[in-house]
Structures are given as C-alpha cells and as structure tokens.
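Listed below, chain by chain, are the residues.
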Amino acid sequence: MNTSQLLAVDLLLAAFAAGAWIAAAWMTASLGDKPRRSDLGLLLVGIAVAVTVGRYALLPALVAGSWWFASERITINVPLTAIPAAWAAAAGVPFLLRRRNTGPQPVTEDPRRYRERAVLAIVAAAASAVASIALTLLLGPFPAPWSLLVLLFMVAASVLIAKLALYSPRPSSRPSTKSSKAVRAGRRGGASPAGRRPTAATAVAGLMICTALGSGVFAWLGSRSADGATIAAAVGHHGGADAVVTDPTSVNSLVGETPANAVVRHYELTARVEQVVLPSGQTTEAWTYGSLPGPALEAQLGEVMEVVLTNRNVAAGVTLHWHGYDVPNAMDGVAGATQDAVMPGESMTYRFLAAQAGTYWYHTHQDSAEGVRKGLYGTFVVHHPTSPRADRDIVVAGHDLSGLGLLGSSDRVTRHTAAPGSSVRVRLINTDSVQQRYLVQGTAFKAVAVDGTEVNQPQEVIGKLIRLGAGGRVDIAFTMPDSPVTVRSDAAANAVVVIAPSGSAGSAAADQAAKPEEMVPEKAPAGVFATMPVLDLLEYGKPLARGLDGAGELNGAGELDGAGEKAELDRPITREEVMVLDRQFRFVDGIPRYAFTVNGAAYPLVPSIEVAEGDTVKVTVVNRTSEPHPMHPHGHHVQVLSRNGVAPSGSPLILDTVDVLPGEVWELMLHADNPGIWMDHCHNLDHAAEGMMMLLKYQGVSSPFVHGGHSNNRPE
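Thresholds applied
- Residues numbered from 1 in each chain as written.
- Predicted model: local features only at pLDDT ≥ 70, side-chain atom pairs only at ≥ 80, totals over all residues.
- Heavy atoms only, no water.
- Pairing = 2+ DSSP bridges.
- Helix = DSSP H or I, 4+ residues; strand = E, 2+ residues; numbered from the N terminus.
- Axes fitted to C-alpha atoms, helices over the stretch in contact; angles between N-to-C directions.
- Buried < 20%, exposed > 50% of the residue type's maximum accessible area, 1.4 Å probe, protein only.
- Contact = heavy atoms within 4.5 Å.
- Phe/Tyr/Trp six-rings, centres within 6.5 Å; stacked < 30°, edge-to-face > 60°.

Engineer: Explain the sheet that holds strand β18 (residues 466-468) residue by residue, including any values.
Structural biologist: Reading across from one edge, β13-β21-β20-β15-β18 is the order of the five strands in this open sheet, with mixed pairing throughout. Edge strands, defined here as strands with exactly one partner in the open sheet, are β13 (413-418) and β18. Strand-to-strand twist across the sheet, computed as the mean angle between neighbouring axes with direction ignored, equals 20 degrees. The pairing of strand β15 (residues 436-441) with β18 spans three bridges and is classified as antiparallel. Paired with Arg-437 across the two strands is Arg-467, which belongs to β18.

Engineer: Any details on the environment of Val-528? Residues and values, ideally.
Structural biologist: Turning to its location among the elements, Val-528 is positioned in helix α10 (residues 528-531). Residue classification places Val-528 among the buried positions, given a relative accessible area of 9%. Spatially, the C-alpha atom of Val-528 lies 10.0 Å from that of Lys-464, the residues being 64 residues apart in sequence. Among all residues touching Val-528, those that are not within four sequence positions of it are Leu-439 and Leu-465.

Engineer: Which residues make up the packing of aromatic side chains, and what values go with them?
Structural biologist: In the structure shown here, the tally under the stated rule is twelve aromatic pairs. Seen in terms of ring centroids, Tyr-325 and Phe-352 are 5.9 Å apart; in terms of plane orientation they differ by 50 degrees. Their pairing is tilted. Note that Tyr-325 is positioned in the loop between β7 (321-323) and β8 (347-353) and Phe-352 in strand β8, a separation of 27 residues in sequence. Take Tyr-325: its relative accessible area is 2%, and that puts it in the buried class. The interplanar angle of 45 degrees and the centroid separation of 6.5 Å between the aromatic rings of Tyr-360 and Phe-380 together place this pair among those described as tilted. With a gap of 20 residues between them, Tyr-360 in strand β9 (residues 358-363) and Phe-380 in strand β10 (residues 377-383) connect regions that are remote in the sequence. Here a set of aromatic residues connected by ring pairs shows up, and it is made of Tyr-289, Trp-322, Tyr-325, Tyr-350, Phe-352, Tyr-360, Tyr-362 and Phe-380.

Engineer: Explain the sheet that holds strand β24 (residues 575-588) to me, using residue names and the numbers behind them.
Structural biologist: In spatial order, the strands read β25-β24-β27-β32-β29-β30; together these six strands make up an open sheet with mixed pairing. Two strands bound the open sheet, and with one partner strand each, they are β25 (591-598) and β30 (654-655). Across seven bridges, the pairing between β24 and strand β27 (residues 616-623) is parallel. Looking across to β27, one finds that Glu-576 is bridged to Lys-618.

Honestly, that's just the spatial picture; any functional story needs more than this.
Below is the structure:
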C-alpha cells in the first residue's frame, strides 16, 4: 500500500471512528430500561477505540514516506483524539458494564452523576473525532493558531451543549410534593432551572454558529484579497522582519538584453474565436492563435525572438507565456503579475534572446484553464546552430480539445515520410492538463531530451511507454527502419502519427491509411497503456563524468557537460522550502470549493517563496492528494535531487515541470538567477485555478499589475 492509499485509509478510519463515537454517545444517553442498548453501547465504544488506535498505527508508515504526511496528525490529532478517547473508555466502559449487569439502578454512587460523566466523556470523544476530520479537510498541515482555538472551542461547546440539554440540576434526595410539581412544571416549559437549561444550550449553539460563520467570512475576505491589489516587493530572508524595500525594481524593467547585431525572428499571432473542422469531420468552437495548434515558432540559439500578439475577439483576454523558457520576467506573459491581459483590439510585443536550445511551447496565461483547453497554445523549438540536426524533425503536440484527442492538428492520421536509414527526431509535447502516455511502435528509440535538456548517453528503449506530465516534453530519436513507425497517445485514441519509409511499400500503406474511407486507423492494442511499463527517467541515461569540482552542469544549448556556467549539485544551499500539496475546503475567489492547496492555503493566500538573486534553494514537494500535480516554476529549471529519498541513478534530470504523483516526495534544487516575480503552480490548470498556485518573488522586485482590475486579469 502506497502513501496516498494510506492517507485515504486514515481519512476513512477517521470517519468510521467519528460515526462509532456518535452512535455510542446516542446509545449511552438513551439507555432507559433497554438492557440491550448497554451491549450495543459497549460494542460501539470498543469499535471506536479500536479504530482510533488503528489510525495511530498508520502513523509510522506515513512518517516513513515523509514527516509531512503525518505532521499535524502527530502534533495535533493524537492529543486531540487520544485524551477524550481515553476519558470515554475510562468513564463509559465501567458505566455500561455495570448497567448491563445491574440494570437501570446501580447500587453505588449517585446514578445521575455516574451516567452524566459517562455520556459527556463519550460526547467529548465524538466531538474530537469530528474535529479530527475537520483538521484534515479544513485546517490542513499548517493550521493558523486562531483556527485551532476555534476547533477546540467547538469541541468544548459540544460537550457543554450536551450537558445543558440532557442533564438538569439533580433534585434533593427527598423532594416535597411542591418541588416535584415544580419539576414537572419545568418539564412542561415552566420557569424552573430545568426549563432554563434548553435555553442555555440554544445560546451556546448560537455562539458556535456565529463563530463558524465569522470564521467563514474571514476566510472569504482573504480569498478576495488579491482583487485590485498589486504584488508588493519581497523583502527577502536576508533583510529581517522590519526591512523595507525603498526603491523596488518593477517587473516592467526586467526586459533582458539582446545583441544589437542579432538575427531577429519576427512572428505575428492573432488570437481569435473560430469554428475548427477536424480531419474526422467534427466541428468545434476553438480559441486559437490562427491555427490549431498555433503557428510553429522556431529560432536558432543566439537569435532574437520578436512576437507580436494581437487579440481579435477573445473576450476573456489573452497573453503569451513561454512554457519552460527562462525569458526575462517582463516577457513571461502572466496576466496580473507581469502584464495586463491583452483584450480584444489590443496587442503586445514579446521580445527576448533565444538563449536555450530545445523543445518548448507557448500558451495563454490569462484564464488559462479555459483558454489553453480551447486551443490557445502552440509549439516553440530552438535549434543549436552547430549541433547536428535530424534528417526528419517532427513536432507532436498532444491535446484534448473539448473531448477530441489531437496529435498535432489531427484527430485521425498524420502522415510523415523518412528515408530508411535516416535519422528521425520526434518532439513530444503534452499541452494538456493531465498526464499522457505515448506508445512508439515499429522501432526501438532513444529519449534524447527531457524538458529541453539533452540526456547524457541515452540507451535504446523498446517495450516501454513514455509518460508526460502536463506541460512536459520528451524528444525521442531513432534510425528510420524499412517499415512504418507509429506514435500513439492514450489521450487521443483515434489519432496516430505515422512515419513511413519513403519510396517503399510502407509509404504506399501510409497513403492508403490516409484515404478518406480509412480515416479511423486501427487503435492501439487493448489494454496496452495500462499494462506496458513506463520509462523511468530517473534511471535513464548515464551519470555525468564529474570534473575536478565534482559538478554536473547545463550549458545554453540544453546540453549537460562537466563545465559551464550553471553548476548545480555542489552549490551550497542557502534556503530550504517545503511545498505540501493537499486538498481542503477553501474559498477561491470568493467561491467555496474543495480546493487544491499549497501548505494548507489556496491562492492568493499561499505564502510566497522569497529569494535573493544568487540563492540556491532546496525545495521539497510533498503530494498528499490522490492526483498527480505537475508543478511548474516559471523562469527557472530545477535539478532533481531525489524522489522518495532515492537520488537519480541515470543522467542528471533538469526539469521545468515536475510531475509529482500521489504520495510522492521530490527534492529539487533551484538556482535563483532570473530576477522577477514568477508564478509557481500546478500545470493541471484546473488545479491551479482552484488554488494550487503561488509566487516566487525576488527581493526588491515589485509589480504594478493587479489581479482583476480593468483588464480582469485572471492568470488561471
């Protein structure tokens, strides 16, 4: 059983324990003259205690995965539930046993006090068990002190309400006829103390409701705090608590430098809403940059990219974000952080140096969860002028367009040809928000690059799938055989990319497959995507031969070598951060949701990671949810130090999108060498829109742009 499953079991046990305690409290409070209820009450208390202890038994296994899987369960939940459970067992079990053995009239001690103590103890255990669920679903791993006080108040108030509602003051041992009548009058709603107890219970219940509503309003206001607010400059951890940035640098000024004599690659993109007819004949409305995918952008290392974006009629607004490309901050294309959204009739020019070779892509970062899904994306490839290029270079962007799976621009067959014996490179890009698995049939291949970085000494692969997290890329290369090679994805069941040998029967076969009557190709073998093993990139390739300084490095061409400007492993760590990915009930933009959270908060309330230029940050990412989270820091790459405590045994893995699976813990190293205010978010864009988003802020940098505002800036 993996860690994610253990967390699910823990939540299930918590619900089971709460149900058992509540039922035990009900049975104990309503025993009356029904002896069988004593037996049932004992059984329920025993079950509740056993289940509670069972939750504690899971803790060592959770801690073995990471302390962050069990942090609040150990520090808060154990005392919160263990103390009331012990009290309930100590008070409830003897009472129920004696009641079962002696009937409704115990022979020792005041029977009313004896029963009251037992019932209230079990009520306390029930309330604390419910609070334990609230700790998981509402408070999370980093609860604020005030929220803990509210939680404890709710537990104490529940016990007080039970006492006030169930137990009136004990009458004297020999009540007079007059006092007996008063008691009976109180039971009929008179003015006796017994009659006033329900009123007091109602008052306490009202206070609990007001407390809960007040906490909810406070949380709602916090979720709306970003609207109309600029992003303040980070003081940085070097400045101290009272440090003030007196002259912050605006993101507008972080445009980078471009050589005066560099070749300029000029492109013009026009965002529009249009009806798209796919090769299958299906028609759907799409938001595009002029085609689907958008125009393929290319450059050579050292050239200057100049892209003019015009919005024709996309009412939500658009931007251009360069996924995986470490552009200057002003060119990052995030509405509300580095620019205002480009609204209909407006335009913006993006200009930056092509300083990284490799496979990347671009997409809108205004209302991106909807915009990207509807088609506002395209491919971006930068070539190294001196590196040998494949004879056939193919870019395949996998995408789900309103339920229609695409490979490139087609939901059916896409045909390419290559001469037998020639070199072929296929650049696979996941432009979707969920994982994709790719099946290559017809040849062995090598995974030669990951997220734009070349793999050191890649080995041949056969009989394995390539898994791409959302936003990720893998380049594969092979020598063209004498028969067709196909590429398929589990996210596009009817689409296939066919690379056929030119001038051969294979080419004719591909031609036949492309005929209209053969538009639906044969699908991948049934169950292959569920049963075939996946290539593990942490074990793929070879480690670098370490130089005198012991560091592996990445040069501007996206190639790993033993010397260069970006030494990673031997840099001293100057800062450590933890990102616990979880789910709690939160307000997101004022709307209650079962949100995706970072460290127990949903954007914009997630505390930023604040750095100074030159810092080397170790980031530990913990996934406590049941879904993958492809975490994407803008403007930076990270080097993988470990996954679940195991360091990579293959080529150094340099990523810009880290797909953290359920129950996994990744340790990453980020070098702060690109000043600005950067998004760091889950690239399942629906998750980001529901809270899983934060900022990486450099000391002394501020932004004049606001969330909302006249351009209705909504990055996700």
